[in-house]
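Chain by chain, the residues:
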Amino acid sequence: MAASSSAEQTQLQDMEEEDAGMEEREMESDNEEEEGMGVENSDDEEDDSSEDEKENEAEIQRLEEQLSINAFDYNCHVDLIKLLKQEGELFRLRKARQKMSELFPLTEEIWLDWLKDEIRLTEEEPNREKVYELFEKAVKDYICPDIWLEYAQYSIGGMGSPGGMDKVRSIFERAVTAVGLHMTKGQAVWEAYREFENAILSTVQPPPGRIPSREEQELLKTQLERIHTLFRRQLAIPLMDMEATYAEYEEWSEHGVADTIIHQYKKALQQMEKSKPYEESLIVAEPPKLAEYQSYIDFELKEGDPARIQIIFERTLAENCLVPDMWAKYTTYLDRQLKIKDLVLSSHERAVRNCPWTMGLWKSYLLALERHGAEHQTVSDVFEKALNAGFIQATDYVEIWQAYLDYLRRRVDFSKESSKELEELRAAFSRSLDYMKQDVEERFGESGDPSCIIMQIWARIEALHCKNIQKARELWDSIMTKGNAKYANMWLEYYNLERSYGDSVHCRKALHRAVQCTSDYPEHVSEVLLTFERVEGSLEDWDVAVQKTETRLNRINEQRAKAAEKEANLARQEEERADQRRRAKADKKAQKKVQKGTRAGEKRRAEQDDYHDEWNDDSEQAPKRHRGNGDQTTEYMETETGHFGRNAPPGFKPTPSDNKRAQQGAAAAAQRQNDDKPELRNDDSSVFISNLAYTLQEPEAKLRTLFETCGPIKQVRPVFSNKGTFKGYCYVQFEASVSVPEALKLDRREVEGRPMFVSPCVDKNKNPDFKVFKYNTAMEKQKIFISGLPFSCTKEHLEELCKSHGTIKDVRLVTYRSGKPKGLAYVEFANEAQASQAVLKMDGMDVEGNKISVAISNPPRRNTSDKLGSNRTTSDTMPRQVFGSRGRGRTQLSLLPRSLHRQSTPVSKVRNGTEAEQAPATAASAAAGETKPLSNSDFAKMLLSK
């Protein structure tokens with residue numbers, strides 16, 4: 001048994017070895033196959049990668065060419081940097097980043113990527129200074145705790161160099177000064193600073209068992225004091241999770257926490273609790289969080305801590321760097337409150353780098369430079385940059401030139417007859433006029449200074465400060481030749497200048513020219529001339545003035561009379577055309593009413609005949625049932641015959657829907673009775689409601705509930721069809737007309753999925769040209785028009801997209817009458833600059849896969865030529881041949897019986913009726929303009945007879 005068992009074991013071992021050998025051979029063959037497949041796959045991957053590299057290189061060249069044309073294309077810079085990093089082109093990548101940083105402030109993400117790449121490239125000691133320079137540029141763009149933390153950690157690596165430790169401490173001190181008050185991210189910087197000092201402490205502590213020397217004791221004491229100071233400073237600042245820092249300090253401190261520190265900590269904790277709701281709202285809000293930040297800023301302004309106000313402004317601008325109004329608020333606060341030169345000027349510089357298109361920021365920058373005594377060359381360089389910033393309005397260039405000329409004027413010492421500053425001022429005035437005439441007019445088609453404000457200021461400076469009245473007169477002559485001679489106010493400005501700095505001769509000459517040239521207010525200019533002669537003129541001067549003014553005013557009155565006559569003729573012609581349109585409209589309406597009544601009568605009689613044939617009823621009895629008058633007829637029709645004039649079959653029981661129709665019919669009949677009483681209606685206190693759903697249940701009750709908030713309601717008149725169905729519109733009449741404006745505010749309110757239209761109640765017969773369109777059809781520079789929006793885009797979503805570009809006053813999505821969106825929208829901003837900025841930034845943006853188009857709102861003029869009652873060609877009134885959904889058939893075969901086909905006669909002939917009935921009835925029908933209807937039995941007889 002033992003031998004057999006050992007043999008079995010040996011056999012099992014041999015089988016296992018064979019199996020193992022087979023598995024190894026199979027694995028080797030599999031590996032060979034995989035290696036072969038890997039070679040093939042690697043070849044394919046190399047081909048794909050080479051193709052991708054070619055495509056990326058072509059895209060890189062395209063982006064570089066585009067930037068050579070327009071260097072201010074922000075998105076193009078971002079795409080180029082992304083591609084170069086993907087390709088590993090480190091030196092080209094560095095160059096691209098440098099070019100972008102010269103033109104724009106970079107975001108925190110771009111800076112961190114750039115810094116980390118440079119740190120990897122420059123790991124040698126001599127190159128650390130270049131990285132330090134790059135960090136210095138990065139911390140100037142925005143207040144970013146992560147960049148400061150990266151800067152401090154990188155400086156720790158150079159601690160071994162001479163002065164390295166002091167440099168690290170200096171960077172940490174700058175970091176906690178800049179971002180240590182950041183309530184959510186400042187704690188990380190403080191903790192990193194303390195960890196660094198704790199690491200230094202571990203190096204100065206003596207090993208256990210050895211008594212430290214006096215020098216070591218001093219170092220140890222100093223280091224401990226540094227850490228104590230850091231704890232005290234941090235605990236005095238309101239930061240999130242500061243309770244953990246306090247607990248850590250309690251554990252670390254051997255002698256406990258001092259009472260002063262506890263008091264400061266509790267005070268900071270209270271401040272943190274006040275600010276906590278604002279921080280929580282920022283956490284849950286979607287970027288850019290402008291409204292939440294604005295609330296936070298308002299809170300801090302009330303608290304009044306300048307350091308905390310500064311940090312919340314900086315946090316806001318880090319996420320809303322392209323909002324000019326926020327930069328303006330920040331720089332204004334710094335100018336008026338802190339007044340620290342370096343801080344103020346650096347903030348102004350960052351503002352114009354972020355929003356170079358905003359003239360107001362450049363103007364504030366120039367004033368700040370002058371206020372803090374900057375060098376003249378610096379101010380001039382900033383002004384030249386402003387001229388090249390690309391403002392969006394011609395008037396912006398006028399204002400920036402005015403700001404610079406004001407600065408130059410304040411530099412001049414006018415006590416000297418001639419100076420370098422005065423010559424520079426005059427040269428600047430001349431250059432500004434040339435710039436307006438050439439550059440601005442070529443770009444905008446207008447100078448932006450139609451009243452020649454710059455020339456007026458120059459003339460006044462020459463007359464007042466330089467005592468050069470002759471130069472001032474030359475300038476005013478130039479002003480008048482630019483189309484200003486017809487305005488009385490311009491002549492009076494010139495007269496006042498002569499009155500103040502000139503003489504009476506030139507005053508008289510100016511007034512005489514004014515009387516001759518003024519066309520807007522000649523009476524006023526004439527009165528000024530006569531008053532002047534009363535005070536200073538001779539009798540001869542008085543006679544000349546009276547004669548000239550009378551001649552001029554007589555000519556003006558003749559021109560006005562001709563203009564009034566011409567206007568009256570035009571008004572009369574327009575009234576005649578309007579009268580023709582009213583008559584044409586009334587005729588057309590009457591014709592349609594006759595045709596509609598004829599068709600309805602034919603159909604009703606045909607249905608009655610069919611119904612009588614079907615139920616074997618006596619056709620002579622039906623008309624008798626409908627004879628009668630007064631309320632009895634109405635009651636009988638509604639109870640027994642229904643709304644269609646039919647008799648109910650024996651045993652018939654009305655269904656609930658029939659009862660409902662009967663109720664609607666009764667309501668329609670009651671409504672028609674009210675409509676027949678015009679004395680009950682008052683259009684002045686009524687509004688017209690339209691675009692309601694036909695399926696709206698109980699419209700009177702629902703509309704009464706909806707409009708009762710606007711004022712007491714006298715009646716609600718929904719309009720029903722003859723069958724009792726709601727027609728989708730109604731009238732709401734209030735007790736007083738003061739409720740109408742409140743009701744009009746409910747226009748476009750959604751009612752059961754459709755926008756409800758609310759408009760004034762106007763009798764179109766009396767006012768045929770009345771048209772309600774509450775939106776402006778002229779250019780609105782503060783409003784933008786957006787097209788190409790996805791149909792799923794909501795008003796809230798669109799407001800989120802736009803609010804980063806300025807303060808939004810209104811958002812309107814354009815819809816069809818059914819309430820379905822058209823993909824169009826209007827967004828109104830607080831001013832023109834914000835709207836223009838939104839156009840620049842949003843045009844071509846991708847929204848849920850749709851590329852949108854954005855432009856300043858300039859809707860086309862509404863076409864008023866195609867009105868009701870306008871003349872149309874006779875072809876418009878001819879019946880059109882209607883084909884099926886598949887178009888006109890190929891065979892053109894008629895599938896009608898010949899007897900019916902022969903009845904297809906011209907429109908003027910009778911369309912229904914047999915040949916036997918047609919002959920005698922032709923003359924009568926032609927005279928009466930009516931046709932005899934055919935019943936189903938008539939059609940059956942015609943078919944069977946053939």
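See the structure above.
What you see is a predicted model; the values in this text were computed from it and never measured.

Trainee: Help me out: how do you make sense of the overall build of the protein in this one?
Mentor: Across its full length, the protein holds 35 helices and 11 strands. Relative to its full complement of 946 residues, the protein shows a buried share of 35%. Across the protein, contacts joining residues at least 24 apart in sequence account for 60% of those joining residues at least 6 apart. As presented, the protein carries roughly 57700 Å² of accessible surface, and 50% of it is formed by carbon and sulfur atoms.

Trainee: Can you walk me through the packing of helix H16 (residues 359–371) against helix H17 (residues 376–387) in this structure?
Mentor: What describes two packed helices is the angle between their axes and the distance between those same axes. Where H16 contacts H17, the axes come no closer than 10 Å and their chain directions differ by 175°. The orientation of H16 with respect to H17, classified from their angle, is roughly antiparallel. Contacts between H16 and H17 involve Trp 362, Tyr 365, Leu 366 and Leu 369 on the former and, on the latter, Thr 378, Val 379, Val 382, Phe 383, Lys 385 and Ala 386. Class assignment of the residues belonging to the contact of H16 with H17 gives a composition of 8 nonpolar, 1 polar and 1 charged.

Trainee: Just to check I follow, could you spell out the sheet that holds strand S5 (residues 754–760) for this structure?
Mentor: Whether parallel or antiparallel, the strands of a sheet pair through hydrogen bonds between backbone atoms. One open sheet holds the 5 strands; their spatial order is S2-S3-S1-S5-S4, and the pairing between them is antiparallel. Looking at strand neighbours, the two that pair on one side only are strand S2 (713–720) and strand S4 (749–751), the edges of this open sheet. Going across the sheet, the axis of each strand differs from the next one's by a mean of 30°, ignoring polarity. Two elements, S2 and strand S3 (residues 726–734), share 6 bridges in a ladder whose sense is antiparallel. Residue pairing in the sheet places Val 716 in a bridge with Val 732 of S3.

Trainee: Before we go on, may I ask you to explain a negative patch on the surface in this structure?
Mentor: Taken together, the side chains of Glu 51, Asp 52, Glu 53 and Glu 55 present a region of like negative charge at the surface. Residue position: Asp 52 is located in helix H1 (residues 2–69). Using a relative accessible area of 41% as the deciding quantity, one classes Asp 52 as partly exposed.

Trainee: Explain helix H2 (residues 74–87) to me, please; I cannot follow it from the model alone.
Mentor: Side chains of residues three or four places apart in an α-helix project in the same direction, reflecting 3.6 residues per turn. With 14 residues, H2 ought to run about 20 Å at 1.5 Å a step, and its terminal C-alpha atoms sit 21 Å apart, in line with that. The N-cap of H2, judged by a side-chain oxygen 3.4 Å from the amide nitrogen of Asn 75 a few residues on, is Asp 73. Within two residues after H2, Gly 88 carries a phi angle of roughly 80°, on the positive side.

Trainee: Is there a simple way to think about the sheet that holds strand S6 (residues 780–787) in this case?
Mentor: Within the open sheet, the 4 strands sit side by side as S7-S8-S6-S11. Their pairing is antiparallel. The open sheet has two edge strands, strand S7 (808–815) and strand S11 (853–857), and neither has a second partner. Along the sheet, successive strands turn relative to each other by an average axial angle of 20°, direction set aside. Relative to strand S8 (residues 821–829), S6 is paired through 5 bridges, and the arrangement is antiparallel.

Trainee: Help me understand the pairing of S8, please; the structure alone is not making it clear to me.
Mentor: Along any regular strand, the residues point their side chains to alternate faces of the sheet. Sheet topology places S7 next to S8; 7 bridges connect them, and they run antiparallel. Bridge assignment links Ile 808 to a residue of S8, and that residue is Phe 829.

Trainee: Where do I start with the environment of Ser 295 in this structure?
Mentor: Take Ser 295: it is sitting in helix H12 (residues 290–303). Given the relative accessible area of 37%, Ser 295 is considered partly exposed. Once the C-alpha coordinates of Ser 295 and Ser 281 are considered, the two residues, 14 residues apart in sequence, prove to be 10.0 Å apart.

Trainee: How do you make sense of the layout of surface pockets when you look at a structure like this?
Mentor: One simple way to see leftover space: roll a probe sized like a water molecule over the atoms. Roughly 1700 Å³ of volume is contained in the second largest pocket. Tyr 74, Thr 107, Cys 321, Leu 322 and Lys 841 are the residues nearest the centre of the second largest pocket, which is lined by 49 residues in total. The dominant element in the lining of the second largest pocket, judged by the number of residues it contributes, is helix H32 (residues 832–842), at 4 residues. Residues belonging to the lining of the second largest pocket are distributed by class as follows: 24 nonpolar, 13 polar and 12 charged.

Trainee: For this particular structure, what's the right way to read the packing of aromatic side chains?
Mentor: The description of an aromatic ring pair rests on the distance of the ring centres and on the angle between the ring planes. As enumerated under the stated definition, the model contains 33 aromatic pairs in all. Arranged with centres 5.8 Å apart and planes meeting at 40°, the rings of Phe 231 and Trp 252 form a pair that is tilted. Of this pair, Phe 231 sits in helix H9 (residues 214–235) while Trp 252 sits in helix H10 (residues 242–252), placing them 21 residues apart in sequence. Here the aromatic cluster, defined as three or more aromatic residues joined through ring pairs, consists of Phe 383, Phe 391, Tyr 397, Trp 401, Tyr 404, Tyr 407, Tyr 435 and Phe 444. One Lys or Arg, Lys 822, reaches over the ring of Tyr 816 and ends 5.0 Å from the middle of that ring.

Trainee: Help me out: how do you make sense of empty space enclosed by the protein in this one?
Mentor: Taken as a whole and judged by the stated rule, the model has 2 cavities of 30 Å³ or more. The computed volume of the largest cavity comes to approximately 40 Å³. In terms of lining, the largest cavity is formed by Leu 789, Pro 790, Phe 791, Cys 793, Leu 813, Val 814, Pro 821, Gly 823 and Leu 824. Those elements that provide at least two residues to the lining of the largest cavity are S7 and S8. Sort the elements by how many residues they give to the lining of the largest cavity and S8 lands first, with 3 residues. Here the lining of the largest cavity is composed, by residue class, of 8 nonpolar, 1 polar and no charged. Considering only enclosed or pocket space, the second largest cavity measures out at about 30 Å³ in volume. Elements represented by at least two residues in the lining of the second largest cavity include exactly helix H19 (420–444) and helix H20 (453–464). Considering every element that reaches the lining of the second largest cavity, the biggest residue donor is H19, with 4 residues. Along the lines of polarity and charge, the residues of the lining of the second largest cavity split into 6 nonpolar, no polar and 2 charged.

Trainee: How should the side chain of Asp 335 be read in this particular structure?
Mentor: Along the polypeptide, Asp 335 turns up in helix H14 (residues 324–338). Setting aside its immediate chain neighbours within four residues, Asp 335 contacts Val 344, His 348, Ala 368 and Arg 371.

Trainee: When you look at the pairing of S3 in this model, what are you seeing that I'm missing?
Mentor: Relative to S3, strand S1 (residues 686–690) runs antiparallel, the two sharing 4 bridges. Of the residues in S3, the one forming a bridge with Ile 689 is Cys 730.

Trainee: Sorry if this is basic, but what is going on with the nonpolar core here?
Mentor: Nonpolar side chains tend to gather and get buried jointly when the protein is soluble and globular. Trp 362, Ile 400, Trp 401 and Trp 476 are the most contacted members of the largest nonpolar core, which has 103 residues in total. Setting aside residues no more than four positions away along its own chain, Ile 400 makes contact with Met 359, Trp 362, Lys 363, Leu 366, Phe 383, Ala 386, Leu 387 and Phe 391. Grouped together as the second largest cluster of nonpolar side chains are 52 residues, Ile 60, Leu 106, Val 139 and Cys 321 included.

Basis of the calculations
- Residues numbered from 1 in each chain as written.
- Predicted model: local features only at pLDDT ≥ 70, side-chain atom pairs only at ≥ 80, totals over all residues.
- Heavy atoms only, no water.
- Helix = DSSP H or I, 4+ residues; strand = E, 2+ residues; numbered from the N terminus.
- Buried < 20%, exposed > 50% of the residue type's maximum accessible area, 1.4 Å probe, protein only.
- Contact = heavy atoms within 4.5 Å.
- Areas by Shrake-Rupley, 256 points an atom, 1.4 Å probe, with all protein chains shown as cover.
- Axes fitted to C-alpha atoms, helices over the stretch in contact; angles between N-to-C directions.
- Parallel < 35°, antiparallel > 145°, perpendicular 65-115°, else oblique.
- Nonpolar A, V, L, I, M, F, W, Y, C, P; charged D, E, K, R; others polar.
- Pairing = 2+ DSSP bridges.
- Patch = residues over 30% accessible without salt bridge, like charges linked within 9 Å, V, L, I, M, F, W, Y side chains within 5 Å.
- Salt bridge = Lys/Arg side-chain N within 4 Å of Asp/Glu carboxyl O.
- Lys, Arg positive; Asp, Glu negative; His and termini not counted.
- Charge placed at Lys NZ, Arg CZ, Asp CG, Glu CD.
- Expected span 1.5 Å × (residues − 1).
- Polar contact = N/O pair within 3.5 Å; in protein donor to acceptor, adjacent residues only side chain to side chain.
- 1 Å grid on protein atoms, 1.4 Å probe; cavity = no way out; pocket = protein on both sides within 12 Å on 5 of 7 lines; lining within 4 Å.
- Points joined across faces, edges and corners; volume = space filled by probe spheres on them.
- Phe/Tyr/Trp six-rings, centres within 6.5 Å; stacked < 30°, edge-to-face > 60°.
- Lys NZ or Arg CZ within 6 Å of the ring centre and 35° of its normal.
- Core = buried A, V, L, I, M, F, W, Y, C linked by side-chain atoms within 4.5 Å.

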